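Observations on chain architecture
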Amino acid sequence: MVEVKWKTVIIGLIIGVILSATIEMLITLVFGMIVGLFGGAIGFLIATIYVGYTVSGDYKNGAIHGALVGIFMGIIVGIIGIILGVTLSGAAGAAIGLLGLVLGIIVYVIIGVIGGIIGVLVKDRKST
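So, here is what we can say about the structure in this document. (Residues numbered from 1 in each chain as written. Predicted model: local features only at pLDDT ≥ 70, side-chain atom pairs only at ≥ 80, totals over all residues. Heavy atoms only, no water.)

Side chains of Leu26, Leu29, Val30, Phe31, Met33, Ile34, Val35, Phe38, Ile42 and Ile46 sit close together on the surface and give an oily, nonpolar patch of about 1,100 Å² of accessible area. Among the secondary structure elements, those contributing two or more residues to the nonpolar patch are α1 (6–31) and α2 (33–54). Among the elements that make up the nonpolar patch, the one with the highest residue count is α2 (six residues). As for its placement among the helices and strands, Leu29 is situated in helix α1. Residue classification places Leu29 among the exposed residues on the basis of a relative accessible area of 73%. (Patch = residues over 30% accessible without salt bridge, like charges linked within 9 Å, V, L, I, M, F, W, Y side chains within 5 Å. Areas by Shrake-Rupley, 256 points an atom, 1.4 Å probe, with all protein chains shown as cover. Salt bridge = Lys/Arg side-chain N within 4 Å of Asp/Glu carboxyl O. Helix = DSSP H or I, 4+ residues; strand = E, 2+ residues; numbered from the N terminus. Buried < 20%, exposed > 50% of the residue type's maximum accessible area, 1.4 Å probe, protein only.)

As structure tokens, then:
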């Protein structure tokens, strides 16, 4: 059974939000809107690498912690999407925002698992 280190998950989530927003804005300013979206994913990946590096244990532990950060990040982004959707387009916008919530959770969990495993690999490589 994996013991969840909630402090690490919360710190990773905060880092993820800050890095995703910052890198996305910078890349959007330089390269444009479509390319800027990848900046958010890169920022989130960096945050989940931190989470995987910080937690102790094996790949499974890093993957689980990265996935938890991904779930919460997907929920945050989805809620923002729903609010913006309702504000801009009413019920249709809410439906699109809800779809964004589901897809956001899936995408962020995948990125979180990958980042968590990379973090564990980096830590293992450093310790040997």
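From this point, the discussion proceeds with the structure in view.
What follows concerns the side chain of Thr48. In this fold, Thr48 is placed in helix α2. Excluding residues within four positions of it along the chain, Thr48 makes contact with Gly66, Val69, Ile111, Gly112, Gly115 and Gly116. (Contact = heavy atoms within 4.5 Å.)

To continue, consider the packing of α2 against helix α3 (residues 59–89). The geometry of a pair of packed helices is captured by two quantities: the angle between their axes and the separation between those axes. One way to put it is that α2 packs onto α3 with a least axis distance of 8 Å and a crossing angle of 140 degrees. Between α2 and α3, the angle is such that the two are oblique. The hand of the α2/α3 crossing is right-handed. Judged by residue contacts, Phe44, Thr48, Val51 and Gly52 of α2 engage Gly62, His65, Gly66, Val69, Gly70 and Met73 from α3. (Axes fitted to C-alpha atoms, helices over the stretch in contact; angles between N-to-C directions. Parallel < 35°, antiparallel > 145°, perpendicular 65-115°, else oblique. Left-handed = near helix turned anticlockwise from the far one by under 90°.)

The next point concerns the side chain of Ser20. Looking at the secondary structure, you find Ser20 in helix α1. Its relative accessible area of 5% is what places Ser20 among the buried residues. Those residues in contact with Ser20 that sit more than four places away from it in its chain are Ile15, Gly39, Gly40, Gly43, Phe44 and Met73.

The end-to-end C-alpha distance of α1, which contains 26 residues, comes to 36 Å, matching closely the 38 Å that a straight helix rising 1.5 Å per residue would cover. Burial in α1 covers these residues: Thr8, Val9, Gly12, Leu13, Gly16, Ser20 and Ile23. (Expected span 1.5 Å × (residues − 1).)

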